[in-house]
Amino acid sequence: MKKLLRRILGATKDENFMHFIENIEVLVSKALSLFMVVVILVAIADLGFFIFKELFTVPYGKFNTTLYKIFGLFLNILIALEILENITAYLRKHVFQVELVIVTSLIAVARKIIILDLEKVGGIDIIGLGIAILALSISYLIIRLSNSKDAS
């Protein structure tokens with residue numbers, strides 16, 4: 001009887017500890033989501049100032065060169081939004097959604113490719129980015145197929 005009582009009390013302590021850890025995870029996730037909102041707002045303001053400055057200070061015909069910088073800033077904001085979505089999805093379901101993480105990674109690598117200066121980058125870097133895109137795409141396909149089988 002004493003052993004059973006110790007097991008019950010021990011389980012309660014473990015459950016209390018796990019509940020405490022879950023509360024910490026939720027608090028950290030909420031703080032991260034608030035910080036990410038601040039980062040997104042600052043990034044939007046930075047993008048607005050950059051576009052305004054570039055429209056009125058860049059000589060005619062040079063705007064195309066800064067267009068890649070603008071695309072990079074846009075994609076930074078999209079990546080930040082995806083990270084915020086990852087955090088809020090975790091808050092809703094308390095599970096990391098691997099599909100969202102892979103999509104965020106794909107956007108990040110695509111951003112890198114879009115803003116890549118081919119004159120300054122070696123062939124091995126381009127091959128590495130290509131392999132990263134291929135691996136992430138295959139991972140995304142596998143996750144999507146497994147999710148569609150689970151849904152049916």
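A brief structural summary. (Residues numbered from 1 in each chain as written. Predicted model: local features only at pLDDT ≥ 70, side-chain atom pairs only at ≥ 80, totals over all residues. Heavy atoms only, no water.)

As for the pattern of salt bridges
Part 1: Tallied over the entire structure, the rule returns 3 salt bridges.
Part 2: Two residues, Arg92 and Glu85, come together in a salt bridge whose shortest N-O distance is 3.9 Å.
Part 3: Given the relative accessible area of 57%, Arg92 is considered exposed.
Part 4: Ionic pairing is found between Arg144 and Glu99, a salt bridge with its closest N-O pair at 3.1 Å. Here Arg144, found in helix α4 (residues 123-151), pairs with Glu99, found in helix α3 (residues 98-114); they are 45 residues apart in sequence, far enough to count as distant. (Salt bridge = Lys/Arg side-chain N within 4 Å of Asp/Glu carboxyl O. Buried < 20%, exposed > 50% of the residue type's maximum accessible area, 1.4 Å probe, protein only. Helix = DSSP H or I, 4+ residues; strand = E, 2+ residues; numbered from the N terminus.)

Focus: the side chain of Thr104
Part 1: Along the chain, the position of Thr104 falls in helix α3.
Part 2: Relative accessible area serves as the criterion here: at 8%, Thr104 is assigned to the buried category.
Part 3: A polar atom in the side chain of Thr104 sits 3.4 Å from the side chain of Asn86.
Part 4: Thr104 has contacts with Ile79, Glu82, Ile83 and Asn86, leaving out every residue within four places of it along the chain. (Polar contact = N/O pair within 3.5 Å; in protein donor to acceptor, adjacent residues only side chain to side chain. Contact = heavy atoms within 4.5 Å.)

Section: the side chain of Ser33
Part 1: By the element assignment, Ser33 lies in helix α1 (residues 2-57).
Part 2: In contact with Ser33, other than residues within four places in its own chain, are Leu84, Ile87 and Leu91.

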